[in-house]
Amino acid sequence: LTSGPHNWAVLALLMAAGALIRHSFVARHQALVQGRRVPWEHAIGGTALLLGLAVWLAPAPAAPITANVADPTNAANAANAATDTVPSLAEVQTVMAQRCTACHNAQMAQKNVALHTPALLQQHALGIYQQAVVLKQMPMNNATQITEAERAVLRRWYEAGAPLQ
């Protein structure tokens, strides 16, 4: 809601939906006091606006990757499948040593997270994935200049179950 490219529109639509729904409560009370028909139009409009926002903001379904190299239309998918190999633990440890263990080691475990051993990497795999791959908040301000390729290594490692092999 807040980090999307159209966050201002989302906020405006949420406010409009809330105003419509609140107005429906006021109009309903007023109609009941005066013995008139309860106007449900505003509540329906606000609810429809919320449903429309939910549909608009819903993530797109992921397309399945097929590795049929014989089919030329699947050449892009085949290239993606080739890069989706599970990285070795040594590759993950190299990325961690260069980009993460300056702040997350045995001597200085920032936020109580140490990443200098394979067991600790596996223990904190979800946090690594969330902070470094999905949110891209780590390293803080990208101080160690982690690349998108290195983030992809971490993503593939996590999605493979964070193996220690």
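Here is a short report on the structure shown in this document. (Residues numbered from 1 in each chain as written. Predicted model: local features only at pLDDT ≥ 70, side-chain atom pairs only at ≥ 80, totals over all residues. Heavy atoms only, no water.)

1. Quick look at unusual backbone geometry
The linkage connecting Met138 with the following residue, Pro139, adopts the cis geometry, with an omega of -10°. In this fold, Pro139 is placed in the loop between helix H6 (125–134) and helix H7 (148–159). A positive phi angle, close to 55°, is found at Asn141, a residue other than glycine. On the secondary structure map, Asn141 appears in the loop between H6 and H7. When its relative accessible area of 73% is taken as the criterion, Asn141 is described as exposed. Phi angles above zero are rare outside glycine, and Gln145 is one such case at about 60°. Examined against the element boundaries, Gln145 turns out to sit in the loop between H6 and H7. Among the residues examined, Gln145 registers a relative accessible area of 53% and is labelled exposed. (Helix = DSSP H or I, 4+ residues; strand = E, 2+ residues; numbered from the N terminus. Buried < 20%, exposed > 50% of the residue type's maximum accessible area, 1.4 Å probe, protein only.)

2. Section: a nonpolar patch on the surface
Together, Leu13, Trp56 and Leu57 make up an exposed nonpolar region whose accessible area comes to about 260 Å². Relative to the helices and strands, Trp56 is located in helix H2 (residues 41–57). (Patch = residues over 30% accessible without salt bridge, like charges linked within 9 Å, V, L, I, M, F, W, Y side chains within 5 Å. Areas by Shrake-Rupley, 256 points an atom, 1.4 Å probe, with all protein chains shown as cover. Salt bridge = Lys/Arg side-chain N within 4 Å of Asp/Glu carboxyl O.)

3. Examining the packing of aromatic side chains
Two numbers describe a pair of aromatic rings. These are the distance of the centres and the angle of the planes. This model, assessed by the stated rule, comprises one aromatic pair. When the centroid spacing of 4.3 Å and the interplanar angle of 15° are considered together, the rings of Tyr129 and Tyr158 count as stacked. With Tyr129 in helix H6 and Tyr158 in helix H7, this pair connects stretches of sequence that are 29 residues apart. Take Tyr129: its relative accessible area is 19%, and that puts it in the buried class. Among the residues examined, Tyr158 registers a relative accessible area of 26% and is labelled partly exposed. (Phe/Tyr/Trp six-rings, centres within 6.5 Å; stacked < 30°, edge-to-face > 60°.)

4. Some remarks on the pattern of salt bridges
This structure, assessed with the given rule, holds five salt bridges. When the shortest N-O distance is used, the salt bridge between Glu148 and Lys136 registers 3.1 Å. A residue pair is termed long-range when its members are at least 10 positions apart, and Glu148 in helix H7 and Lys136 in the loop between H6 and H7 qualify at 12 residues. According to the relative accessible area criterion, Lys136 is partly exposed, its value standing at 41%. For Arg155, the salt bridge is made with Glu159, and the minimal N-O distance between the two is 2.9 Å. Here Arg155 and its partner Glu159 are both found in helix H7, four residues apart, which amounts to about one turn of the helix. Through salt bridges with shared partners, one network takes in Lys136, Glu148 and Arg151.

Interpretation in functional terms is not warranted from these geometric data alone.
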